[in-house]
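Architecture at a glance
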Amino acid sequence: SMFVSSEIVKWSLSTLEVLDRVPTYYSIGHLCIPGGDSKKPWGKYVIAYNKITKDRFLPTGPELAQSVNNLAMALMAVRGEPKEIDALFQEGIDLGRKAHKGDHMHTANLLQNQAQLREAVGDTPGALDAMREALRMRESVLGPEHTLVAESLNNLGAMLKRKGDFAEAEPF
């Protein structure tokens, strides 16, 4: 793994020639090959464990907001403490707003993630607030006809339906 250039590089051990490169979105922390610690590794796949690099960037960089989101998503996956996870999502949202100086798709994605967490723990009003803000932000950035705006409309409508607010959900 190439941490600085954020890519996986396949080398020939005999010639030290680079055989292949695969870019990754984040800096890689570790690699894993399924079955790699056995006599017969599967060899078809490699898993890049992307490093959460909260301390590596300036305190307002856009990657910092995404790293905080990754940490929150990891905690959600292992059933972490909901208040801690929500606080991380909020930190990522605040950092994203500061780094992007306003509305941005990454910040809208963080808001959608926060909405899903809040709904899952029973904070429907908080979930709806976050989902509406994500929708507003996506419309601002992408325009009302974009497919991701349609996705946000659908998500908001589904959330309202689950709440039992059919009258408000119907337009979505």
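All of the points below concern the structure found in this document. Along each chain, numbering runs from 1 in the same order as the chain's sequence is written. Where local features are concerned, this predicted model is filtered to residues with pLDDT of at least 70; where side-chain atom pairs are given and counted, the filter is 80 or more; whole-chain, interface and lining totals use all residues. Each side-chain value is derived from all of the structure's non-hydrogen atoms; neither hydrogens nor water enter the calculation.

Right, let's get into the pairing of strand β2 (residues 18-23). Pairing geometry for strand β1 (residues 7-11) and β2, over 5 bridges, is antiparallel. Within the sheet, the bridge partner assigned to Trp11 lies in β2 and is Val18. Where β1 hands over to β2, the hairpin turn is made up of 6 residues, of which Leu16 adopts a positive phi near 60°. When DSSP locates at least two bridges between a pair of strands, those strands are taken to pair. Only DSSP runs of H or I with at least four residues qualify as helices, and only runs of E with at least two residues qualify as strands; both kinds are numbered from the N terminus onward.

Glancing now at the packing of helix α4 (residues 124-142) against helix α5 (residues 147-163). Between N-to-C directions, angles cover 0 to 180 degrees, with each direction set by a line fitted to C-alpha atoms, over the stretch in contact for helices. Relative to each other, α4 and α5 sit at 165°, their axes nearing to 9 Å. Viewed along their axes, α4 and α5 adopt a mutual orientation that is roughly antiparallel. Regarding α4 and α5, the two cross each other, and that crossing is left-handed. From α4, Thr124, Ala127, Leu128, Met131, Arg132, Leu135, Arg138, Glu139 and Leu142 reach across to α5, where they touch Leu148, Val149, Glu151, Ser152, Leu153, Asn155, Leu156, Met159, Leu160 and Lys163. Classification used: nonpolar for Ala, Val, Leu, Ile, Met, Phe, Trp, Tyr, Cys and Pro, charged for Asp, Glu, Lys and Arg, polar for all others including Gly. Of the residues contributing to the contact of α4 with α5, the split by class is 11 nonpolar, 3 polar and 5 charged. When an angle is under 35 degrees it counts as roughly parallel; over 145 it counts as roughly antiparallel; between 65 and 115 it counts as roughly perpendicular; any other value is oblique. It is the rotation of the near helix from the far one that decides the hand of a crossing: anticlockwise by less than a right angle makes it left-handed, clockwise makes it right-handed. Between two residues, a contact is recorded if the distance between any of their heavy atoms is within 4.5 Å.

We now examine the side chain of Asp86. Looking at the secondary structure, you find Asp86 in helix α2 (residues 82-100). The class of Asp86 is buried, set by a relative accessible area of 19%. Polar contact is defined as a pair of N or O atoms within 3.5 Å, subject to the rule that within protein one atom must be able to donate a hydrogen and the other to accept it, and that residues adjacent in sequence are counted only when both atoms are side-chain atoms. At 2.8 Å, the side chain of Asp86 forms a polar contact with the side chain of Arg118. Leave out the neighbours within four places in its chain, and Asp86 touches Gln114, Leu117 and Arg118. Relative accessibility thresholds used throughout: buried, under 20% of the residue-type maximum; exposed, over 50%; partly exposed, between the two (1.4 Å probe, protein chains only).

Whenever Lys or Arg places a side-chain nitrogen within 4 Å of a carboxyl oxygen from Asp or Glu, that contact is recorded as a salt bridge. Summed over all chains, the structure comprises 8 salt bridges. Its salt-bridge partner being Glu168, residue Arg132 comes within 2.4 Å of it at the nearest N-O pair. Here Arg132 is found in helix α4, whereas its partner Glu168 is found in helix α6 (residues 166-169), with 36 residues between them in sequence. Given a relative accessible area of 30%, Glu168 falls into the partly exposed group. As a salt-bridge pair, Lys163 and Asp165 come within 3.8 Å of each other at their nearest N and O atoms. Through salt bridges with shared partners, a single ionic network connects Arg97, Asp103, Glu133 and Arg136.

Along the chain, the position of Gln114 falls in helix α3 (residues 105-120). Setting aside residues no more than four positions away along its own chain, Gln114 makes contact with Asp86, Phe89, Gln90, Ile93 and Ala130.

To continue, consider unusual backbone geometry. For Leu16, which is not a glycine, the phi torsion comes out positive at approximately 60°. Despite not being glycine, Lys101 shows a phi value in the positive range, around 55°. With respect to the element layout, Lys101 can be found in the loop between α2 and α3.

One less than the residue count of a helix, multiplied by 1.5 Å, gives the span that helix is expected to have. Look at α3: 23 Å from first C-alpha to last across 16 residues, which is about the 22 Å you get at 1.5 Å a residue. For α3, the full list of buried residues reads Met105, Thr107, Ala108, Leu110, Leu111, Gln112, Asn113, Gln114, Ala115, Leu117 and Arg118.

Here α3 crosses α5 at 15°, and the two axes come no closer than 12 Å. As the angle between them shows, α3 and α5 are arranged roughly parallel. As for the relative orientation of α3 and α5, their crossing is left-handed in sense. Judged by residue contacts, Met105, Gln112, Ala115 and Glu119 of α3 engage Leu148, Glu151, Ser152, Asn155, Met159 and Arg162 from α5.

Residues Leu31, Ile33 and Val46 make up a contiguous nonpolar surface patch of about 220 Å² in total accessible area. By secondary structure assignment, the location of Val46 is in the loop between β3 (28-32) and β4 (47-50). Judged by its relative accessible area of 40%, Val46 falls in the partly exposed class. Exposure above 30% relative accessible area and no salt bridge define the residues that can form patches, which grow by joining like charges within 9 Å and nonpolar side chains of Val, Leu, Ile, Met, Phe, Trp and Tyr within 5 Å. What sets the accessible areas is the Shrake-Rupley method with a 1.4 Å probe; for residues, cover comes only from the shown protein chains.

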